[in-house]
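Below, each chain spelled out in residue letters.
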Amino acid sequence: MVSHLFDHTVDYVLETKKVLPDGVDLLLDCLAGEDINRGINLLKPLGKYVLYGMSNVVTGETKSLLSFAKTWWQVDKISPIRLYEDNKTISGFQLRSLISKPSAQPLLRTTLERLFTLFAEGKILPVVDSVWAFDDVGEAMLKLHDRRNIGKLVLDPASLSLAEQQRLADSQAVEAEAEEGDSSDTGGPDDPGDAEE
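Just so it is clear, the model here is predicted, and its values are computed rather than measured. What you see as residue numbers is a count from 1 along each chain, following the sequence as written. Reporting in this predicted model follows two pLDDT cut-offs: at least 70 for local features of residues, and 80 or more for side-chain atom pairs to be given and counted; totals over whole chains, interfaces and linings ignore these cut-offs and use all residues. Side-chain metrics in this entry use all non-hydrogen atoms of the structure; hydrogen atoms and water are not considered.

Enquirer: I would appreciate a short explanation of the pairing of strand 7 (residues 152-155) in the present structure.
Expert: The two faces of the sheet receive side chains in turn, since in a regular strand these alternate between them. By the convention used here, strands pair only if DSSP detects at least 2 bridges between them. Secondary structure elements follow DSSP: runs of H or I no shorter than four residues count as helices, runs of E no shorter than two count as strands, and numbering proceeds from the N terminus. Direction of pairing for strand 6 (residues 128-132) relative to strand 7: parallel, over a ladder of 4 bridges. Pairing of Trp132 across the sheet is with Leu155, part of strand 7. Here is how to tell: hold the view so the strands point away, follow the path from the first strand over the helix to the second, and if it runs clockwise the crossover is right-handed. Since strand 6 and strand 7 lie parallel, the crossover through helix 7 (residues 137-145) that links them has a hand, and here it is right-handed.

Enquirer: Looking at this structure, I do not really get the environment of Asn87. What am I missing?
Expert: For Asn87, the location among the structural elements is in the loop between helix 4 (80-86) and strand 5 (89-92). Per-residue accessibility, obtained with a 1.4 Å probe over protein chains only, is compared with the maximum for each type, and a residue is labelled buried under 20%, exposed over 50%, and partly exposed between these values. Residue Asn87 is classed as partly exposed on the basis of its relative accessible area, which comes to 40%. It is 5.1 Å that separates the C-alpha atoms of Asn87 and Pro45, two residues lying 42 residues apart in sequence. Note on contacts: a residue pair is in contact if any heavy atoms of the two residues lie within 4.5 Å. In this structure Asn87 touches Lys44, Pro45, Leu46 and Gly47, once residues within four positions along its chain are discounted.

Enquirer: So what exactly am I meant to see when it comes to the pairing of strand 2 (residues 43-51) here?
Expert: Two strands pair when backbone bridges link them, and strand 1 (residues 24-29) and strand 2 are joined in this way by 5 bridges, in the parallel orientation. Bridge pairing links Leu27 to Tyr49 in strand 2. Chirality of the crossover, the property in question, places the unit of strand 1, helix 2 (residues 35-42) and strand 2 among those that are right-handed. In this structure, strand 2 lies alongside strand 5, joined through 4 bridges in parallel fashion. In the strand pairing of strand 5, Lys48 is matched with Thr89.

Enquirer: What's the story with the nonpolar core in this structure? I'm lost.
Expert: One broad trend across soluble globular proteins is that nonpolar side chains are buried collectively. Residues belong to a common nonpolar core when they are buried Ala, Val, Leu, Ile, Met, Phe, Trp, Tyr or Cys residues joined through side-chain atoms within 4.5 Å. Membership of the largest hydrophobic core is limited to 9 residues, which are Tyr12, Val24, Leu27, Ala32, Ile36, Ile40, Leu42, Leu43 and Tyr49. Considering every element that reaches this core, the biggest residue donor is helix 2, with 3 residues. Ignoring any residue separated from it by four or fewer positions in sequence, one finds Tyr12 in contact with Phe6, Asp35, Arg38 and Leu42.

Enquirer: Honestly, the environment of Leu118 in this entry has me stumped. Any pointers?
Expert: With respect to the element layout, Leu118 can be found in helix 6 (residues 105-120). Setting aside its immediate chain neighbours within four residues, Leu118 contacts Lys123 and Ile124.

Enquirer: Explanation requested: the environment of Ser100 in the structure shown.
Expert: The topology assignment puts Ser100 in the loop between helix 5 (95-99) and helix 6. Within 3.5 Å is the distance limit for a polar contact, defined as a pair of N or O atoms, with the added protein rule that one can donate a hydrogen and the other accept it, and that residues adjacent in sequence qualify only through two side-chain atoms. In this structure the side chain of Ser100 is engaged in a polar contact, spanning 2.7 Å, whose partner is the backbone oxygen of Ser97.

Enquirer: I keep staring at the pattern of salt bridges and nothing clicks. Help me out?
Expert: Two side chains carrying opposite charge are able to pair once their charged atoms lie near each other. We define a salt bridge as a side-chain nitrogen of Lys or Arg found within 4 Å of a carboxyl oxygen belonging to Asp or Glu. All told, the structure shown has 7 salt bridges when counted by the stated rule. The residue Lys143 makes a salt bridge to Asp129 at a minimum N-O spacing of 2.7 Å. Here Lys143 is found in helix 7, whereas its partner Asp129 is found in strand 6, with 14 residues between them in sequence. For Asp129, a relative accessible area of 26% gives the class partly exposed.

Enquirer: For this particular structure, what's the right way to read the sheet that holds strand 2?
Expert: Hydrogen bonds between backbone atoms are what pair the strands of a sheet, whose relative direction is either parallel or antiparallel. Reading across the sheet, the 3 strands line up as 1-2-5 and stay open at both edges, with parallel pairing between neighbours. A single partner strand is all that each edge strand has here, and the edge strands are strand 1 and strand 5. In this sheet, neighbouring strand axes are inclined to one another by 15° on average, regardless of whether the strands run parallel or antiparallel. Along the sheet face, helix 2 touches strand 1, strand 2 and strand 5 and points at about 150° away from the line of strand 2. Throughout, an axis means a line fitted to C-alpha atoms (over the contacting stretch in the case of helices), and angles, computed between N-to-C directions, take values from 0 to 180 degrees.

Enquirer: So what exactly am I meant to see when it comes to helix 2 here?
Expert: Think of an α-helix as turning once every 3.6 residues; residues three or four places apart then point the same way. The buried fraction of helix 2 amounts to 6 of the 8 residues, a majority that puts the element mostly inside the structure. Inspection of helix 2 places Asp35, Ile36, Asn37, Gly39, Ile40 and Leu42 among the buried residues, and these make up the whole buried set.

Enquirer: Can you help me understand the packing of helix 1 (residues 12-19) against helix 2 in this one?
Expert: Each pair of packed helices gets described by two things: the angle between the helix axes and the distance between those axes. It is at 10 Å that the axes of helix 1 and helix 2 come closest, and there the two elements cross at 10°. Judged by the inter-axis angle, helix 1 sits roughly parallel to helix 2. Along its contact with helix 1, which presents Tyr12, Val13, Thr16 and Lys17, the element helix 2 presents Asp35, Arg38, Asn41 and Leu42. Among the residues making up the contact of helix 1 with helix 2, the classes are represented as 3 nonpolar, 2 polar and 3 charged. Angles are sorted into four bins: roughly parallel if under 35 degrees, roughly antiparallel if over 145, roughly perpendicular if 65 to 115, and oblique for all others. Note on residue classes: Ala, Val, Leu, Ile, Met, Phe, Trp, Tyr, Cys and Pro are nonpolar, Asp, Glu, Lys and Arg are charged, and everything else, Gly too, is polar.

Note that every value here comes from positions in space, so none of it alone points to a role or purpose.
What follows is the structure in structure tokens.
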């Protein structure tokens, strides 16, 4: 259950400190960059920081070596001695790298089985931002790239493309206008237009 939600466009460190002056126990970071320093500083003693993505490294359509170098430079160099003194833990999680390791396969299988069980029990549900037809995959990717989604973008082969949806809406509008026109054109026997002079 989420008790407080802060938009990333505000100073979330300041807002978090207002609510939790001692800091947080766990911080999950999918951004990297300067957010690494902010995240580590938000931890309270015995807190854990987990980096599981690097969205701030992406500039344009591909990951850039220059952008990666800039991100690396912006991050304070983390001293193990400082972590020891502050009683903080830092770790990383990258699924793509983990999948390729044979020794991780049993843990991954067990974890996926647990996730599917929780899903089947209705205890966890994915947040779906929008559903797209295969014909609209380019527009869906653009939305994802521009970070305009909140939740998952789903590709559904049974969905109508945006163009098909527009054609259907236009067709229904034409039919509705035609039906409206037909009902106003039909006059009954008491219709004044039918009266003989």
